[in-house]
Amino acid sequence: MTTAPWRDPALSADARVTDLLARMTLQEKAAQLYGVWVGAATDGDGVAPLQREMTADADWDELITHGLGQLTRSFGTAPVEPDLAAQALARAQRRIAAAGRFGIPAVAHEECLAGFTAWRATAYPVPLAWGAAFDPALVTEMARRIGHDLRASGVHQGLAPVLDVVRDPRWGRVEETIGEDPYLVGTIGTAYVRGLESAGVVATLKHFAGYASSAGARNLAPVRAGVREFADITLPPFEMALREGGARSVMAAYTETDGVPASADPRLLTELLREEWGFTGTVVADYFGIGFLQTLHRVAADEAEAAHRALAAGIDVELPTVKCYGSPLVTAVTEGRIPESLVDRAARRVLLQKCELGLLDADWRPEPAGPVDLDSAENRAVARRLAEESVVLLDNPGGVLPLAPDTRIAVVGPRAADALALLGCYSFPSHVLTHHPEVPLGIEIPTVLQSLRSELPDAKVTFAEGCGVSDPDTGGFEEAVARAAEADVCVAVLGDRAGLFGRGTSGEGCDVTDLQLPGIQAELLDRLVATGVPVVLVLLTGRPYALGRWHGRLGAVVQAFFPGEEGGPAVAGVLSGRVNPSGRLPVSVPRVPGGQPWTYLQPPLGLAGEVSSLDPTPLYPFGHGRSYTTFSWEDVHAPEAGIPTDGSYDLSLTVRNTGDRAGAEVVQLYLHDPVASVTRPDVRLIGYQRVALAPGGSRRLTFRFHADLSAFTDRTGARVVEPGALELRLAASSTDTRHTARIRLTGPVRTVGAERRLRCEVEVSEGTD
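Here is a short report on the structure shown in this document. (Residues numbered from 1 in each chain as written. Predicted model: local features only at pLDDT ≥ 70, side-chain atom pairs only at ≥ 80, totals over all residues. Heavy atoms only, no water.)

Observations concerning the overall build of the chain
Link 1 in the chain: A count of helical and extended segments in the chain gives 21 helices and 27 strands.
Link 2 in the chain: Against the 2.2 N^0.38 benchmark of 27 Å for 769 residues, the chain shows a C-alpha radius of gyration of 26 Å, consistent with a compact globule.
Link 3 in the chain: With 769 residues in all, the chain has 63% of them scored as buried.
Link 4 in the chain: Within the chain, contacts between residues separated by at least 24 positions form 79% of all contacts whose residues are at least 6 apart in sequence.
Link 5 in the chain: Just so you have it, the chain exposes about 26,900 Å², and 49% of that area is on carbon and sulfur atoms. (Helix = DSSP H or I, 4+ residues; strand = E, 2+ residues; numbered from the N terminus. Rg over C-alpha atoms; globule rule 2.2 N^0.38 Å. Buried < 20%, exposed > 50% of the residue type's maximum accessible area, 1.4 Å probe, protein only. Contact = heavy atoms within 4.5 Å. Areas by Shrake-Rupley, 256 points an atom, 1.4 Å probe, with all protein chains shown as cover.)

Dropping the structure here:
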């Protein structure tokens, strides 16, 4: 029997796909360009924007006769035992392969933003917590474990990470981002990509591009970012994750920038992404994003025109289910209204990726290799480490923390005894199980209250909820105040409820008008503080909230950004002192609820000044975080120097733990450009290093700065390195500078492109005794 060339693994992927495409009909090629979402709800509340309006019942048997590009969310649509779900996915793949002429299975994709979005799968901390940990290596390990679970279950593509840079913390999806700085987002996001891709899973970068810059922090609102903001803040994380991480897929954003929807923008999806950056993978639509070109953006008269615009721009795959790339596309091509070459271009990219994944091989098998355990002990250990590293001690002015082991503790607040308080909106329990209230969580999630009782068994711990997250009922205030008044210390656990499209206080579609605590939680906190008992505020949130109202009146403030299933023990460990807090803020914490949007990346006119009565200075700045130990920064080597505009410069220091307990310091490197041809942020992060030290221990850190890291987009739109003075600031936060290196770049203005250095490498060596 002769094997067709496209089945021959000895041939190149390009040769195999060229042979296969020549054998396929138009309908068969088009079938590779869309997904099908089996079991998606067509009524009630959905898990994607306008799901009810955009989803129609499809004839599964009819669709798969021509093949199928993708299977949408076989695990993330309803609660099913993992083993049964993996077997059902394998059966579906067998049916797809048997139905088509070529026996090609679909790419199965899933959400994996904070873990595999499947029932009984580990719920890791949300991306904002990854940013708070400042630990790329640990994020890589987490992503590797997520990827292993996806592949073991038969899933090929993960829809993560989110690389949007926070521009307005009122936006509901802040919890899904890594922070407000592009260098932090880029390095942590690239670490995630490396982990997922190392497990053989296609990482999908979201949302390309500008989604987080929507006007007024409204989800899907138009983006009004300028050219330089887009180039210097929005795009760098994506470029880093592609160039250094090797991501093989990109998801087009819902939004429009200056009147052009991302899903219909060839300058973004083809000229920049493919021609300038050299991307060769697949571009997928965000859910219903192609149909939205007709219904929301109104740049297409019908589904066929929407398909034409999206294909021409560079979107290869319609997700989550077929609407525009099915019969409307085939009919328009047949009638000569859309060039078949656009279908061929997208089908080639899809089939090349299927070839990489082994889906064109004759020995392909969909069945899982063995039992599927999605919440292993190893997973939970990584989730615990990341949760512990991400908790930020914002303040501890009176030394109330750590709590005494035998003290009387009143635990108060709507987030203390609720397991869902620890999870973001893309965790399976928050994302899907809210539609199945009869189904248990499927994983063990100790609450903060349970964890604190376990952590301090000799303490007398009482509890009162006080109020709900967002309801106006003050009926529980009196009991909460009574419990606090009779205690030695009150731990107030307040924050968000993650949800979708207004069903929560944080999450997709849960945008807010200002940054005051949800509901009447602020009033509850006022009442607790008025008792005179020291109050430790613990925040479990998806965004920062304004805390200036209580500054100087609290015993301590602890911030955790939806720290996942092990977040309860992590927070309790910080309160008890078992865990020495080492998290740093990935977003600024404002002083007052209004005066937003604001992030630390501000030019001079964005900072406080006499020209406005509004002071945007945050209460706690980007990069801030305290510890139970102390650190000294010694023997700094940062001489004044001149280097060429293509040169490099090393600065080094020794970090020593001068306290009596182990801890981790996060040394941050910021760039200050005193004079430039366009206005620049006063400071911006260009490097960092987390370093764990035993009491008395030290490490020598050497930051290798390259002039490329000073590059920015000039008035002509070119990315340049300009000669002139620069300051490199070694700092503990964006406002806490410890040492400054003054250097001068010499020589001509240098234009840089895709070859430029994106990262400040840091060498860590043994310190001195």
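Picking up where we left off.
Considering the packing of helix α13 (residues 303-313) against helix α14 (residues 327-334)
Link 1 in the chain: Running from amino to carboxyl end, α13 crosses α14 at an angle of 80°, the nearest separation of the two axes being 8 Å. In terms of axis orientation, α13 runs roughly perpendicular to α14. Touching E303, A304, A307 and L311 of α13 are P328, L329 and A332, all from α14.
Link 2 in the chain: Broken down by class, the residue content of the contact of α13 with α14 amounts to six nonpolar, no polar and one charged. (Axes fitted to C-alpha atoms, helices over the stretch in contact; angles between N-to-C directions. Parallel < 35°, antiparallel > 145°, perpendicular 65-115°, else oblique. Nonpolar A, V, L, I, M, F, W, Y, C, P; charged D, E, K, R; others polar.)

Considering the sheet that holds strand β6 (residues 249-252)
Link 1 in the chain: With parallel pairing, seven strands are arranged side by side in an open sheet as β1-β2-β3-β4-β5-β6-β9. Strands with a single pairing partner mark the edges of an open sheet, and in this sheet they are β1 (35-36) and β9 (282-285).
Link 2 in the chain: On the sheet, helix α8 (residues 182-198) packs against β4 (157-159) and β5 (202-208) and is oriented at approximately 145° with respect to β5. (Pairing = 2+ DSSP bridges.)

Details of the pattern of salt bridges
If charged atoms from side chains of opposite charge come close, those side chains can pair.
Link 1 in the chain: One pass over the structure, following the stated rule, counts 53 salt bridges.
Link 2 in the chain: With a shortest N-O distance of 3.9 Å, D232 and R680 are connected by a salt bridge. In this pair, D232 is assigned in helix α9 (residues 227-234) and R680 in the loop between β19 (663-672) and β20 (684-693), connecting sequence segments 448 residues apart. Residue D232 shares its accessibility class with R680, and that shared class is buried.
Link 3 in the chain: Where salt bridges share partners, they join D375, R380, R384, E388, E455, E565, E566 and R578 into one cluster. (Salt bridge = Lys/Arg side-chain N within 4 Å of Asp/Glu carboxyl O.)

Let's talk about the environment of R543
Link 1 in the chain: Following the sequence through the fold, R543 ends up in the loop between β14 (535-541) and β15 (556-561).
Link 2 in the chain: According to the relative accessible area criterion, R543 is buried, its value standing at 0%.
Link 3 in the chain: Measuring from C-alpha to C-alpha, the distance between R543 and L269 comes to 30 Å, with 274 residues separating the pair along the chain.
Link 4 in the chain: A polar side-chain atom of R543 sits 2.9 Å from the main-chain carbonyl oxygen of P169. (Polar contact = N/O pair within 3.5 Å; in protein donor to acceptor, adjacent residues only side chain to side chain.)

Details of the environment of P125
Link 1 in the chain: Structurally, P125 can be placed in the loop between β3 (107-111) and α6 (127-133).
Link 2 in the chain: Given the relative accessible area of 0%, P125 is considered buried.
Link 3 in the chain: Put simply, P125 and R742 are 617 residues apart on the chain and 38 Å apart in space, counted from C-alpha to C-alpha.
Link 4 in the chain: What P125 contacts, discounting residues up to four positions off in sequence, is A114, W130, A383, L386, A387, F562, P563 and G564.

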